[in-house]
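Residue-level structure breakdown
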Amino acid sequence: MSNSPVQVILNTNDFIQAWDRNPGGSNKDFFEGNDLEFLGHKENIQEQLESIKTIQVRNRFAPVTYAKVILRQSALAKSHRPTSQLFKPDIAPVIGAGDLGELFVELTPQSIDEIHQKVERAELKTRYKEKDGQQKANPSIYRSELGAIDEILPYTESDKRKFSVTEGLDWLKNSQSGGAYVVELFDTPPPQKDWDTLPNYKLLLFKSFVEGLKEFGNGLYASRFFEGVESSFIYGVKLEKTSDAPIIKLSASSSSAGKLEQNEIDLSIERHTKLLKFLGDHPLVKRINLPPLVTKSNSINSPEIDADFKVPDVIEDQVYPKICVVDGGVSDVFGEWIEARWGLLSSSDKDEDHGTFIAGLTIVGKALNGNDICKETDGCKIIDLDLLPKKGKYASYYTKPLEFFNELEDAVIALKEETGVRVFNFSLNFEQHASTSGYSLPAQILDRIAEENDIIFIMSAGNTTQAATRKEWPVDHFEALKILAGSRNDTIKTPAESSRNISVTALNPPNVQDTIPYALSNYSCRGPGLKAGLKPDLAHIGGSGTKDPSNGHGLFSLNSSGKIIDGCGTSYAAPNVSKTIASIDNEIEGMVSRETLIGLAIHHATLPSSLEDKNLRSVTKDLIGFGVPSASEAILEGDPSAITLVFANRIINRHKMSFRFTWPSSLVKDGKCIGQAKLTVVSTPNFDYKYGTEFVRVNIDGFLRQQDKNGSYKGRLKAIYTPDDGNSSLYEKDQIQHSFKWSPVKVYEKTFPKGVGPTTDWSLDIEYLARDGARIPQNGIPFTAILTISDPNKKEPVFNDMRQTLQSLGVNTVDIKTATRVVPRV
């Protein structure tokens, strides 16, 4: 065993320093030298504003409009947003966002008049000033902000609903739906006792919405699903066959759809047509969706192999990792390995094969599959969270919309308190109507549950339908690209886009005939997810979609009868990732932060050889994320030719972390620094789902910089997957796509075979950028930065060199396994 464990920097507070970000650059002229085109643009924007004002005057509900401000691609950066003059918070506030570069603003006739006046002040001719001997464009703020806008459009019924009345009724017939439309509002009414404090247009807006709902008469129910700082304003609205008067609870203080009692759903096409028309016409309504339906991933199991398997006994006094299996139940065949059960489902309503296969991979996976598939030592305590009943029994347990999540949250709180479990294997997906888009409601809920309870959900990315299954991965990489380009309906399934948690795709095992080992399984869904981070996060062996005559799907576990079976599915890839993260948590004393657990798994992930080719770089990240995690022992013990440093702290307003150090002497040749550096940054920034693809409100970033002769510092790392010829610094869109901008997880890497720089002085800097209007929370944003410096040839004593250097600089380090004895945050 190596004696070069991961080192935690104990005195990170010593490296937090005051920091004032330089404000954005000077005003940009987006029409420099194109004054005639700018004149047409100015007139067009004024006409669009007048058109919106006409709609407001004719609106029968309230003189207010929520409009879409579409920005130019070159104006997506914070410094170019038209919010200093045109859309100021006290005139026409930005209240949300949709797709990238699409802002939602609140407009009244009076605010439109004020915007008109400001637009008029935009000069028609390009202004210049001399700078450094050259003529540079010098526009007014009015011309600059006006030029940043591509167009301003009213938000109409077609933006709100993408399904027909008939499609909606067919969906609501499913008992899992709870019969309710999922309605998102631009704003939420305060308690009615405070309506006297509202401006007149807001009073009319809220009052007309409530009274309009009441007009639908008996059986109309409306209630907020959940509340919170990060929550969208999302409500359930339904029609039932009942004599009860309308019940409307738009400002309920309770946190869920539990207020929506289940009676027989009224499926009258006439009433639903009128309800959807009202919701589509009312300016307060932002979006109308159909509710998600919870399902198990459609994993495949073969008939049982004619072999019993003796489950080993629990060794007394040994401390095992713990995993909670969220599924339809785990069989008793595992005996004492099951530490606790939630016990929601009756035995007759359970289908335990799926959950038992998952649990088996964590308990006896190595014995059944070997080290090439299951890297962790066998043995795992299981917490059985039985939530999903077998087919046809869902309505017997969940009678209200989204009640499944209420039960999940109650169970997470109770089971964590009882057992201390923090890793929840969630191999369930949600079927969403094809009209639903954006960051899903299930993902939002799981984000909140994970953060509030300090846990991690490990989720399956989902499986394709049989019709959408791809051809097996070929040897030829260009043929592989053709297969991917021609595939349809294979993007990751809800809630695998969850940004607070980890999603996992499936790879082929190494022992299946006519398949490429460790290539993406032909049934595995893939990314990309939304424009905020990399999804999926990781990949692992999930079994082959093509059966081998002797080895079947190539992945073995137990069924509910204790017999050995083989199977495949992303559901079966997730447990090995869960086991590694649970093992890391188990090996480290005390409480480890979510950021560090996630960071260690991702930092030490590697690409399988089948996907390393540079010709696949543009797609590999969407197939397997950051790669396949190493075994927990390899992660924590390290190698003498490398050192891994962990910095766990919080970013606070107007401060950054700056850690200055000297490059290891064994990696300095002829005055230049050689070797390899890898940096992973995981943070938990503010989320606000009202802002669509811009829901991540603060970007926490990391930089490894080397000092130049002039004393300045130059960044040396690139984001992994950066194209060789790509320039990700040109536009915001490119930085999001290639450099992880706004992603809570970032990984940077670089090898220096010929050496770099004139000095051996380096700095690790953790900095932030808040979106326009966003603020750093008072208690800061937690982050973990993991830096590894290594010798790719595995010869130099980097660990000892760096340890000595850090000690000479007064930097206190300790083995991560015992760090919580000394510091409260790891």
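The paragraphs below set out a description of the structure included in this document.

Quick notes on the rules
Each chain has its residues counted from 1, following the order in which its sequence is written. Where local features are concerned, this predicted model is filtered to residues with pLDDT of at least 70; where side-chain atom pairs are given and counted, the filter is 80 or more; whole-chain, interface and lining totals use all residues. Note that water and hydrogens are dropped before the side-chain values are worked out from all heavy atoms of the structure. Only DSSP runs of H or I with at least four residues qualify as helices, and only runs of E with at least two residues qualify as strands; both kinds are numbered from the N terminus onward. For the radius of gyration, the atom set is restricted to C-alpha positions; the globular benchmark scales as 2.2 Å times the number of residues to the power 0.38. Summary of the burial criterion: residues with accessible area below 20% of their type's maximum are buried, those above 50% are exposed, and those between are partly exposed, where the area comes from a 1.4 Å probe applied to protein chains only. Accessibility throughout is a Shrake-Rupley quantity obtained with a 1.4 Å probe, and a residue counts as covered only by protein chains that appear here. Charge assignment: positive for Lys and Arg, negative for Asp and Glu; neither His nor the chain ends contribute. All charge positions are set by atom: Lys at NZ, Arg at CZ, Asp at CG, Glu at CD. To get an axis, fit a line to the C-alpha atoms, keeping to the stretch in contact for a helix; angles then go from 0 to 180 degrees between the N-to-C directions. An angle counts as roughly parallel when it lies under 35 degrees, as roughly antiparallel when it exceeds 145, as roughly perpendicular when it falls between 65 and 115, and as oblique in every other case. Less than a right angle of anticlockwise turn of the near helix away from the far helix marks a crossing as left-handed, whereas a clockwise turn marks it as right-handed. Contact between two residues is taken to exist if any of their heavy atoms lie within 4.5 Å; hydrogens are not considered. Residues are grouped as follows: Ala, Val, Leu, Ile, Met, Phe, Trp, Tyr, Cys and Pro are nonpolar; Asp, Glu, Lys and Arg are charged; every other residue, Gly included, is polar. The salt bridge definition used is simple: a Lys or Arg side-chain nitrogen within 4 Å of an Asp or Glu carboxyl oxygen. At least two DSSP bridges between two strands are needed for those strands to be called paired. Stacked, edge-to-face and tilted labels apply to pairs of Phe, Tyr and Trp rings (six-membered ring for Trp) whose centres lie within 6.5 Å, assigned for plane angles under 30 degrees, over 60, and everything in between, in that order.

**Some words on the overall build of the protein chain**
What the protein chain contains, in helices and strands, is 17 helices and 38 strands. For the protein chain, whose C-alpha radius of gyration is 28 Å, the value lies close to the compact-globule estimate of 28 Å for 826 residues. Principal-axis analysis of the C-alpha atoms places the extent of the protein chain at approximately 80 × 75 × 55 Å. Classification of the 826 residues of the protein chain by burial places 59% in the buried group. When the accessible surface of the protein chain is totalled, it reaches about 32,900 Å², and 46% of it is carbon and sulfur. Of the side chains in the protein chain, 95 bear a positive and 108 a negative charge, and the two mean positions are spaced by 5 Å.

**Digging into the packing of helix 5 (residues 165–172) against helix 7 (residues 269–281)**
At their nearest, the axes of helix 5 and helix 7 sit 10 Å apart, and the two run at 115° to each other. The pairing of helix 5 with helix 7 is recorded here as roughly perpendicular in orientation. For the element pair helix 5 and helix 7, the recorded crossing hand is right-handed. Where helix 5 abuts helix 7, its residues Val165, Thr166, Leu169 and Leu172 lie against Ile269, His272, Thr273 and Leu276. Residues of the contact of helix 5 with helix 7, tallied by class, amount to 5 nonpolar, 3 polar and no charged.

**Quick look at the pattern of salt bridges**
Close approach of charged atoms lets side chains of opposite charge pair. A complete count under the given rule lists 44 salt bridges for this structure. The shortest N-O distance in the salt bridge between Glu184 and Arg287 comes to 3.0 Å. One end of the pair, Glu184, is in strand 9 (residues 180–185); the other, Arg287, is in strand 13 (residues 285–289), and 103 residues separate them in sequence. Given a relative accessible area of 22%, Arg287 falls into the partly exposed group. Between Glu587 and Lys817 there is a salt bridge; the shortest N-O distance is 3.9 Å. Here Lys817 lies in the segment after strand 38 (813–815) and Glu587 lies in helix 12 (residues 574–587), a separation of 230 residues in the sequence. Residue Glu587 is classed as partly exposed on the basis of its relative accessible area of 39%. Three or more residues are tied together by salt bridges with common partners; here these are Glu157, Arg161, Lys277 and Asp281.

**Concerning the pairing of strand 19 (residues 423–426)**
Burial along strand 19 is two-sided: Val423 and Asn425 facing one way and Phe424 and Phe426 facing the other are all buried. Of the strand pairs in this sheet, strand 16 (residues 322–327) and strand 19 are connected by 3 bridges, and their pairing is parallel. The residue bridging Val326 from the neighbouring strand is Phe426, located in strand 19.

**Topic: the sheet that holds strand 18 (residues 381–386)**
The strand order across the open sheet built from 7 strands is 17-18-16-19-21-22-23, with neighbouring strands paired in parallel fashion. In this open sheet, the two strands that pair with only one neighbour each are strand 17 (338–341) and strand 23 (538–541). If you compare each strand with its neighbour and ignore which way they point, the axes differ by 30° on average. Contacting strand 16, strand 18 and strand 19, helix 8 (residues 353–369) runs over the sheet at an angle of about 165° to strand 16.

**As for the packing of aromatic side chains**
What the rule picks out here adds up to 32 aromatic pairs. Note on Phe61 and Phe278: the rings are 5.7 Å apart at their centroids and 80° apart in plane angle, and the pair reads as edge-to-face. Pair noted here: Phe61 is in the loop between helix 1 (35–58) and strand 3 (65–71) and Phe278 is in helix 7, with a separation of 217 residues, a long-range link. Exposure class is identical for Phe61 and Phe278. Each is buried. With centroids separated by 6.0 Å and ring planes inclined at 65°, the aromatic side chains of Phe216 and Phe278 adopt a geometry described as edge-to-face.

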